[in-house]
Amino acid sequence: MRKALASFQHDSTGGVAIVFGFVVPVLIGVAGLGVDSAYWMMERNRLQGTSDGAAISAGRAVQMNALKPVIDAEAKKLFTKTYGNRNDVRITVQYPPQSGPMAGKTNAVAVLAEKDQPIYFLGMFGVDNVKVTSRSVAVVEQVSESCLLALSKDIDKAIEITGTADVSLGCGIASNSVASTA
């Protein structure tokens, strides 16, 4: 056996072609896994960012005492803007969340999303599809009512506090003005 291996090692009549034939598919598979994995991570980050924004938007609806259909619509609106009306993205809005540390809390909303991710290179090796998932939870804290309100609808700097003023009201300050400096 040793003699056969030694002669095969020093044989120059095609042994390299056999080894090359075994190594190249492995290298292509590893490169394909790298490319597909990078694409999966990129798509997962996009899905997670969309879920985060949708949870915040749904949380604002919860803060305004909206009903469940409105909360669902707020969350789904961002997914529609990001992905369009595609069937490969599935969204679940849980109000209140059904799992995790905020389960059952009525001041929280959870957005779960999953997307079918196509396979490009690894399809040659029999891998069909991968599911990318994300979960985001937004918690709504109580916002105090405003006791100081600027009523003008368009004035600049409707409320302005300058210098070394020390204001302690125990409530919020709000402005009705739509001016960017209000």
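Provide a residue-level description of the overall build of the chain, including the pertinent values.
Scanning the chain for helices and strands turns up 3 helices and 5 strands. Across the chain, helices and strands are ordered from the amino to the carboxyl terminus as α-α-α-β-β-β-β-β. For 182 residues, the compact-globule formula gives about 16 Å, and the C-alpha radius of gyration of the chain, at 29 Å, lies well above that figure. Counting only C-alpha atoms, the chain reaches 95 × 40 × 30 Å along its principal axes. When each of the 182 residues of the chain is scored for burial, the buried share is 24%. Here the contacts in the chain between residues at least 6 apart in sequence split such that 62% fall between residues at least 24 apart. For the chain, the computed accessible surface area is about 12,400 Å², with 59% contributed by carbon and sulfur atoms. Mean positive and mean negative side-chain charge positions of the chain (17 and 16 charges, respectively) differ by 7 Å.

Give a detailed account of the sheet that holds strand E2 (residues 108-118), specifying residues and quantitative values.
The 3 strands are arranged E1-E2-E3 in an open sheet whose pairing can be described as antiparallel. Edge positions in the sheet fall to strand E1 (89-94) and strand E3 (129-139), since each has one partner strand and no second. Here the average twist between neighbouring strands, direction ignored, is 15 degrees. On the sheet, helix H3 (residues 68-83) packs against E1 and E2 and is oriented at approximately 150 degrees with respect to E1.

Quick one: what's the story with the nonpolar core, residue by residue and with numbers?
If you look at the biggest cluster of nonpolar residues, it comprises 18 residues, and the most contacted ones within it are Leu47, Ile71, Ala75, Phe79, Val109 and Val111. Mapped onto this core, the elements with two or more residues apiece are helix H2 (15-63), H3, E1, E2 and E3. Looking at which element gives the most residues to this core, the answer is H2, with 6 residues. Leave out the neighbours within four places in its chain, and Ile71 touches Ala58, Ala61, Val62, Ala66, Val93, Tyr95 and Val109.

Please provide a residue-by-residue account of the environment of Gly126, values included.
Its location among the elements puts Gly126 in the loop between E2 and E3. Distance from Gly126 to Thr82, taken between C-alpha atoms, is 30 Å for residues 44 residues apart in sequence.

How would you sum up a nonpolar patch on the surface? Please name residues and give values.
A contiguous nonpolar surface patch, about 490 Å² in accessible area, is contributed by Ile18, Val19, Phe22, Val23 and Leu27. Structurally, the position occupied by Ile18 is in helix H2.

Go over the confidence of the model for the chain with me, naming the residues and quoting the values.
In this model, the chain carries an average pLDDT of 82, and 93% of its residues clear a pLDDT of 70 or more. No element of the chain has a lower mean pLDDT than helix H1 (residues 2-10), which averages 72, and none a higher one than E1, which averages 92.

Each value, and the rule that gives it
- Residues numbered from 1 in each chain as written.
- Predicted model: local features only at pLDDT ≥ 70, side-chain atom pairs only at ≥ 80, totals over all residues.
- Heavy atoms only, no water.
- Helix = DSSP H or I, 4+ residues; strand = E, 2+ residues; numbered from the N terminus.
- Rg over C-alpha atoms; globule rule 2.2 N^0.38 Å.
- Buried < 20%, exposed > 50% of the residue type's maximum accessible area, 1.4 Å probe, protein only.
- Contact = heavy atoms within 4.5 Å.
- Areas by Shrake-Rupley, 256 points an atom, 1.4 Å probe, with all protein chains shown as cover.
- Lys, Arg positive; Asp, Glu negative; His and termini not counted.
- Charge placed at Lys NZ, Arg CZ, Asp CG, Glu CD.
- Pairing = 2+ DSSP bridges.
- Axes fitted to C-alpha atoms, helices over the stretch in contact; angles between N-to-C directions.
- Core = buried A, V, L, I, M, F, W, Y, C linked by side-chain atoms within 4.5 Å.
- Patch = residues over 30% accessible without salt bridge, like charges linked within 9 Å, V, L, I, M, F, W, Y side chains within 5 Å.
- Salt bridge = Lys/Arg side-chain N within 4 Å of Asp/Glu carboxyl O.
- pLDDT = per-residue confidence, 0-100.

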